[in-house]
Amino acid sequence: MSIADRAPMLKGVRVIDLTTVVFGPYCTQILADLGAEVIKIEPPQGDQFRYSAKSANTPGMSPGHMTINRGKRSVVLDLKIPEDRAVVRGLISDADVLIHNVRRQAIERLGLGYEAVKELSPDIIYVHCVGFGSDGPYRDLQAYDDVIQAASGAATLACRVDGDPRPRYIPSLIADKVAGLHGAYAVMAALIHRLRTGEGQFVEIPMFEAFAHFMLKEHLAGDTFDPPVGPICYPRQIDPDRQPFPTADGYICIVPYTDESLLPVFTVLGAPEILDEERFATRPLRWANIGVLYQAIAALTPRRTTADWVKAFHEASIPAMPVRDIADIRADPHLQAVNFFVRREHPTEGAYFDMKVPVRFGAVPGSLAAHAPTIGQDTEAVRRDGWILAE
């Protein structure tokens with residue numbers, strides 16, 4: 001069988017998705033991209049993230065929904081109605097995974113807690129996306145990305161860089177997305193466990209712990225040891241001088257990551273003599289004064305254009321890149337060359353740009369999942385046929 005004829009790796013895996021916004025939907029979008037059949041159960045008004053920004057034609061088809069809910073079937077059900085809960089229970093009996101972000105007490109009142117679901121499907125992988133782990137004092141608190149950034153200390157990182165004491169959020173739904181990635185690998189690990197043992201299980205994915213784990217890989221720093229051997233935070237990441245450097249027409253990223261790269265950097269800049277100063281005479285002195293060296297780089301880079309510097313640094317095998325405005329990202333030559341952005345035609349929204357799955361697998365072909373669904377577009381078919389996909 002040729003690679004082109006092979007089925008996606010998660011083909012045949014059936015996922016009931018009761019999650020909303022970004023955390024859970026990002027997890028299930030990854031599963032759908034890998035071939036899982038995902039039925040997204042939505043309330044009558046739809047997932048609130050459908051209304052996060054302006055749509056092209058149809059209310060509830062925001063850009064965020066288009067990017068994070070592709071490859072799924074949308075089924076509108078009101079779980080407060082017994083008949084609609086019966087539809088979900090019918091789907092559960094043939095499902096591999098149930099994932100939700102409903103509070104424990106509320107999901108149990110609906111008769112969809114883990115023990116009740118396990119009676120319907122003993123080997124189900126039951127995934128609960130929560131804000132905070134169920135064995136801690138925050139377990140009953142609501143959680144959004146801002147809340148997690150605040151609780152984790154991420155909102156104070158910028159303060160350490162620029163000296164402004166005002167906490168600020170990282171301008172990305174980074175905690176939601178990090179937790180979604182944890183969710184995706186957790187589901188796949190549980191699927192492998194079931195293949196080996198036949199055993200399903202309850203899986204809890206707490207956003208706070210997932211994001212703290214992610215951020216503290218480098219930022220626990222001196223607090224890693226007991227007693228601490230230094231302050232918290234990775235010094236390189238909070239150095240106020242380790243920022244993009246100004247050029248004659250913009251900004252450039254230059255990375256003198258090792259001690260050995262400092263001389264080549266200053267040689268390209270035309271000022272190798274800077275390193276002859278006594279304060280830079282040894283490796284410990286150079287790294288103790290790395291902020292001063294960053295300042296020296298920033299004083300030299302305005303002499304030439306960004307393109308000139310990028311060419312010179314690349315020729316010297318020094319990591320460097322123009323600082324691109326995010327508004328220009330679709331024009332990036334590398335992303336264009338790898339066909340990262342794909343122009344597609346949505347049945348209701350018209351032309352839009354989709355993004356390829358960034359991971360390449362050598363044993364299966366790459367493909368784009370189906371378009372993001374309109375609200376309830378598959379309700380009638382699923383009510384009638386269950387998991388059977390229309391040809």
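All of these numbers come straight from a predicted model, not from anything done at the bench.

About the criteria used
Residues numbered from 1 in each chain as written. Predicted model: local features only at pLDDT ≥ 70, side-chain atom pairs only at ≥ 80, totals over all residues. Heavy atoms only, no water. Disulfide = S-S within 2.5 Å. Buried < 20%, exposed > 50% of the residue type's maximum accessible area, 1.4 Å probe, protein only. Pairing = 2+ DSSP bridges. Helix = DSSP H or I, 4+ residues; strand = E, 2+ residues; numbered from the N terminus. Axes fitted to C-alpha atoms, helices over the stretch in contact; angles between N-to-C directions. Core = buried A, V, L, I, M, F, W, Y, C linked by side-chain atoms within 4.5 Å. Contact = heavy atoms within 4.5 Å. Right-handed = clockwise from strand over helix to strand, strands pointing away.

Participant: Help me understand the state of the cysteines in this model?
Facilitator: Here a disulfide denotes a covalent bond joining the sulfur atom of one cysteine to the sulfur atom of another. Under the defined criterion, the tally for this structure stands at zero disulfides. Counting only cysteine sulfurs, C233 is the nearest neighbor of C159, a cysteine outside any disulfide, at a range of 10 Å. We classify C159 as buried; its relative accessible area is 15%. Residue classification places C233 among the buried positions, given a relative accessible area of 6%.

Participant: Can you walk me through the sheet that holds strand β4 (residues 97–100) in this structure?
Facilitator: Picture the strands of a sheet paired through backbone hydrogen bonds; they go either parallel or antiparallel. Strand order in the open sheet formed by six strands is β3-β2-β1-β4-β5-β6, with parallel pairing between adjacent strands. Of all the strands in the sheet, just β3 (72–76) and β6 (201–206) have a single pairing partner and so form its edges. Neighbouring strand axes in the sheet, compared pairwise and without regard to direction, differ in orientation by 20° on average. Relative to β4, strand β1 (residues 14–18) runs parallel, the two being bridged by four bridges. Within the sheet, the bridge partner assigned to D17 lies in β4 and is I99.

Participant: I would appreciate a short explanation of the nonpolar core in the present structure.
Facilitator: General note: in soluble globular proteins, nonpolar side chains tend to be found buried as a group. Counting 38 residues, the largest nonpolar core has V15, V127 and F211 as the members making the most contacts within it. Mapped by element, the contributors of at least two residues to this core are α1 (23–33), β4, β5 (125–130), α8 (174–197), β6 and α9 (207–219). Sequence-distant contacts of V15, that is, excluding residues within four places in its chain, are made with T28, L31, A36, E37, V38, I39, V97, I99 and W387.

Participant: Sorry, what's going on with the pairing of strand β2 (residues 37–42) here?
Facilitator: Side-chain positions along a regular strand alternate between the two faces of the sheet. A large share of β2 lies buried, amounting to six of its six residues. Where burial is concerned, the two faces of β2 agree: the one with E37, I39 and I41 and the one with V38, K40 and E42 are both buried. Bridge count between β1 and β2: four bridges; the pairing is parallel. Residue pairing across strands places I16 opposite I39, the latter belonging to β2. Following the backbone out of β1, through α1 and into the adjacent parallel β2, one traces a crossover that is right-handed. Sheet analysis places β2 next to β3, joined by five bridges and oriented parallel. Note that in β3 the partner of K40 across the bridge is S74. In this fold, β2 hands off to helix α2 (residues 63–68), which returns the chain to β3; that crossover is right-handed.

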